[in-house]
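# A closer look at the structure
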Amino acid sequence: EPRSEEYVRAYAETLVELARVDVLEEVLLRRAQRSAQFEDYLLLGEFLGKAGDPDGEEQALLSAADLAGERDDLPQRALARFYEATNRPGEAIERWKMVLWFDVLAAEASSAMRRLGDVPGPTAVRFPQGRTSLEQSLQTPGTVVSPPPPPRASGAGLGEMTPVDR
C-alpha cells in the first residue's frame, strides 16, 4: 500500500487520465477506510470529482466532515465549494456558515456567502456537521440542538464589532 502522499496523488492522477474510476475508488477508499483520517476522504472526494463522479465526491466529502467534526474546517470548505460548483447555493451557504464556526472572520466564507446572497457574521455561525448529524436532525423534526459555543475567533471576539460591522 503506497504511503507517500506524493506517490498516491500521482497514481490517482494517472488513474483519472486512464478513466479507471473503479480502481481509483477502490485504492483511495481502502486507504481512507484504513486510516480513518478525514484528509484521506478529502483526497478520495477530490479525485472522484476529477474523474466525473459527483455523487461519489459528495459522499467522500460528507465522510470527511463526519470524521473531522469540530476539529478542522477543511471538509466544510470542500463541501461548500462542491455545492457551489454543483449549483446548490442553499447547501453551500449552510456549509459556509459551518466554516464561520471555526473562524467568524473567515474571508473565503464571508465572500462566498455575500456572493450567494446571504449575510455573514456571528449570527450566521452554524455548528459543523457531517452526514450523520444532518440526517439525525432531519429525521427528528422539532428537535432543537444546542451546539457548544464556537471556538475563539481570530481577530475580534464574537461580541465585539469589527470595522466591517460598523
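Now for a look at the structure at hand. Predicted model only: the values in this text are computed from it and were never measured.

Criteria and thresholds
- Residues numbered from 1 in each chain as written.
- Predicted model: local features only at pLDDT ≥ 70, side-chain atom pairs only at ≥ 80, totals over all residues.
- Heavy atoms only, no water.
- Helix = DSSP H or I, 4+ residues; strand = E, 2+ residues; numbered from the N terminus.
- Expected span 1.5 Å × (residues − 1).
- Salt bridge = Lys/Arg side-chain N within 4 Å of Asp/Glu carboxyl O.
- Buried < 20%, exposed > 50% of the residue type's maximum accessible area, 1.4 Å probe, protein only.
- Phe/Tyr/Trp six-rings, centres within 6.5 Å; stacked < 30°, edge-to-face > 60°.
- Contact = heavy atoms within 4.5 Å.

This part covers helix α4 (residues 54–68). Helix length check: α4, at 15 residues, gives a terminal C-alpha distance of 21 Å against a target of 21 Å (1.5 Å per residue), a fit within 8%. One or two positions beyond α4, positive phi appears at Gly69, with a value near 55°.

The next point concerns the pattern of salt bridges. Under the defined criterion, the tally for this structure stands at 18 salt bridges. Arg9 is the salt-bridge partner of Glu5, the closest N and O atoms lying 3.4 Å from each other. Of the two residues, Glu5 and Arg9 both sit in helix α1 (residues 5–17), four residues apart, roughly one turn of that helix. Its relative accessible area of 30% is what places Arg9 among the partly exposed residues. We note a salt bridge from Lys97 to Glu94, for which the minimum N-O separation is 3.7 Å. Separated by three residues within a single helix, Lys97 and Glu94 lie in helix α6 (residues 89–102), roughly one turn from each other. Glu94 gets classed as partly exposed once you look at its relative accessible area, which sits at 31%. What you see here is one network of salt bridges that share partners, running through Glu5, Arg9, Glu13, Arg31, Asp40, Glu46 and Lys50.

Let's shift gears to the packing of aromatic side chains. A full pass over the atoms with the stated rule returns four aromatic pairs. On the numbers, 5.4 Å between centres and 65° between planes, the contact of Phe82 with Tyr83 is edge-to-face. For Tyr83, a relative accessible area of 3% translates into the label buried. Consider the rings of Trp101 and Phe102, whose centres lie 5.1 Å apart with planes at 85°: the pair is edge-to-face. Three or more aromatic residues joined by ring pairs make a cluster, and in this case those are Trp101, Phe102 and Phe127.

This paragraph deals with unusual backbone geometry. In this structure, Ala19 is a non-glycine residue whose phi angle is positive, near 60°. Using a relative accessible area of 56% as the deciding quantity, one classes Ala19 as exposed. Here the phi dihedral of Ala36 falls at roughly 55°; this positive angle occurs in a residue that is not glycine. Relative to the helices and strands, Ala36 resides in the loop between α2 (21–35) and α3 (38–50).

So, about the side chain of Asp73. Examined against the element boundaries, Asp73 turns out to sit in the loop between α4 and α5 (74–85). In this structure Asp73 touches Val99 and Phe102, once residues within four positions along its chain are discounted.

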